[in-house]
Amino acid sequence: SPSIEEVSAALGASFFTTACLALLAGMLGITIYLAIRFEWSFAMGAFFSTLHDVLAIIILVVVMGTELSIIHIGAFLTVAGYSINDTIVIYDRIREQLRLAAPGEKLIDIMNEAINSTLSRTLLTSGSTIAVLVALLALGGPAMFDFSITMLLGIFVGTYSSIFIASPIVLACDKKHNLRAELQAQDEQDAKA
């Protein structure tokens, strides 16, 4: 008869596979949503920055010598959602700045202005989340340690990737697809509808 450890390992592997599929489906759904809501340049930036976040956190957890568990998977999914939310806030401001910018203004300057205008909001949100996670880390006991430490690492990684990975990918994509022209075409299409 199978031992408890064998059943537990089988259930763990099943949960891990399901969680990975959920993460993949979530990232695909987010990419499609952003491609429809924004443009493909934005979708690619969000996809790769979120992929970076998840991979970076997995690597950090493994380097810390912790065995991956379902708790970590939950933290990975939460961090992916947090990172996407932060990235979308920046993207909204970039689109808004693109609409208001002078015709000759460079995209890099527009993006820098948009990122700077959302920076205080990003830092306040990250700071308040970090405060809660530090409290969970200190007072949550061993049951909350893995989740809290993974989330804490994820907040740092997710915050910098929204600024330093997602936006530069959009800028790089703009060299192949004129983002301003795409945005103006979409605005004209929305005005006709």
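Residues numbered from 1 in each chain as written. Predicted model: local features only at pLDDT ≥ 70, side-chain atom pairs only at ≥ 80, totals over all residues. Heavy atoms only, no water.

**Student:** Explain the overall build of the chain here, please?
**Tutor:** Counting secondary structure elements, the chain contains six helices and zero strands. In the chain, 76% of the contacts between residues at least 6 apart in sequence involve partners at least 24 apart. About 10,600 Å² of surface is accessible on the chain, with carbon and sulfur atoms providing 69% of the total. (Helix = DSSP H or I, 4+ residues; strand = E, 2+ residues; numbered from the N terminus. Contact = heavy atoms within 4.5 Å. Areas by Shrake-Rupley, 256 points an atom, 1.4 Å probe, with all protein chains shown as cover.)

**Student:** Can you help me understand the packing of helix 3 (residues 70–100) against helix 5 (residues 142–174) in this one?
**Tutor:** Axis angle and axis distance: for two packed helices, these are the angle between their axes and the distance between the axes, and together they describe the pair. At a minimum axis separation of 8 Å, helix 3 and helix 5 run at an interaxial angle of 30 degrees. As the angle between them shows, helix 3 and helix 5 are arranged roughly parallel. Seen along the crossing, helix 3 lies across helix 5 with a hand that is right-handed. Of the residues contributing to the contact of helix 3 with helix 5, the split by class is 15 nonpolar, twelve polar and two charged. (Axes fitted to C-alpha atoms, helices over the stretch in contact; angles between N-to-C directions. Parallel < 35°, antiparallel > 145°, perpendicular 65-115°, else oblique. Left-handed = near helix turned anticlockwise from the far one by under 90°. Nonpolar A, V, L, I, M, F, W, Y, C, P; charged D, E, K, R; others polar.)

**Student:** Mind showing me how you'd approach the nonpolar core here?
**Tutor:** Grouped burial of nonpolar side chains is what soluble globular proteins tend to show. Core analysis: the biggest nonpolar cluster contains 22 residues, and Phe-42, Tyr-91 and Ile-94 have the highest contact counts within it. Elements with a contribution of two residues or more to this core: helix 1 (4–37), helix 2 (40–63), helix 3, helix 4 (107–139) and helix 5. No other element matches the six residues that helix 3 contributes to this core. Sequence-distant contacts of Tyr-91, defined by excluding residues within four places in its chain, comprise Phe-38, Phe-42, Gly-45, Ala-46, Ala-166 and Val-170. One finds Ala-75, Ile-130, Met-151 and Ile-155 within the second-largest nonpolar core, a separate group that totals 13 residues. (Core = buried A, V, L, I, M, F, W, Y, C linked by side-chain atoms within 4.5 Å. Buried < 20%, exposed > 50% of the residue type's maximum accessible area, 1.4 Å probe, protein only.)

**Student:** Please explain the packing of aromatic side chains as it appears in this structure.
**Tutor:** Two numbers describe a pair of aromatic rings. These are the distance of the centres and the angle of the planes. Applying the stated criterion across every chain, the model contains two aromatic pairs. Ring plane angle 80 degrees and centroid distance 5.3 Å describe the contact between Phe-47 and Phe-48, whose orientation is recorded as edge-to-face. (Phe/Tyr/Trp six-rings, centres within 6.5 Å; stacked < 30°, edge-to-face > 60°.)

**Student:** Can you help me understand the pattern of salt bridges in this one?
**Tutor:** Pairing between side chains of opposite charge can happen when their charged atoms approach one another. Within the structure shown, the criterion is met by one salt bridge. Measuring nitrogen to oxygen at the nearest pair gives 3.3 Å for the salt bridge that ties Arg-121 to Asp-86. In this pair, Arg-121 is assigned in helix 4 and Asp-86 in helix 3, connecting sequence segments 35 residues apart. Given the relative accessible area of 2%, Asp-86 is considered buried. (Salt bridge = Lys/Arg side-chain N within 4 Å of Asp/Glu carboxyl O.)

**Student:** I'm lost on helix 4 in this one. Help?
**Tutor:** For the α-helix, the turn length of 3.6 residues means that residues three or four positions removed from each other point alike. Taking 1.5 Å as the rise per residue, helix 4 with 33 residues should run 48 Å; its terminal C-alpha atoms sit 46 Å apart, in good agreement. Thr-118 marks where helix 4 bends most, by close to 40 degrees. Those residues of helix 4 lying buried are Leu-107, Ile-110, Met-111, Ala-114, Ile-115, Thr-118, Thr-122, Ser-126, Ile-130 and Leu-133. Gly-141 sits one or two positions beyond helix 4 and adopts a positive phi of about 80 degrees. (Expected span 1.5 Å × (residues − 1). Bend = angle between axes of the 7 residues up to and from the residue.)

**Student:** Looking at this structure, how should I read a nonpolar patch on the surface?
**Tutor:** A contiguous nonpolar surface patch, about 280 Å² in accessible area, is contributed by Phe-15, Phe-16 and Ile-70. Relative to the assigned elements, Ile-70 resides in helix 3. On the basis of relative accessible area, Ile-70 is assigned to the partly exposed category, the value being 41%. (Patch = residues over 30% accessible without salt bridge, like charges linked within 9 Å, V, L, I, M, F, W, Y side chains within 5 Å.)

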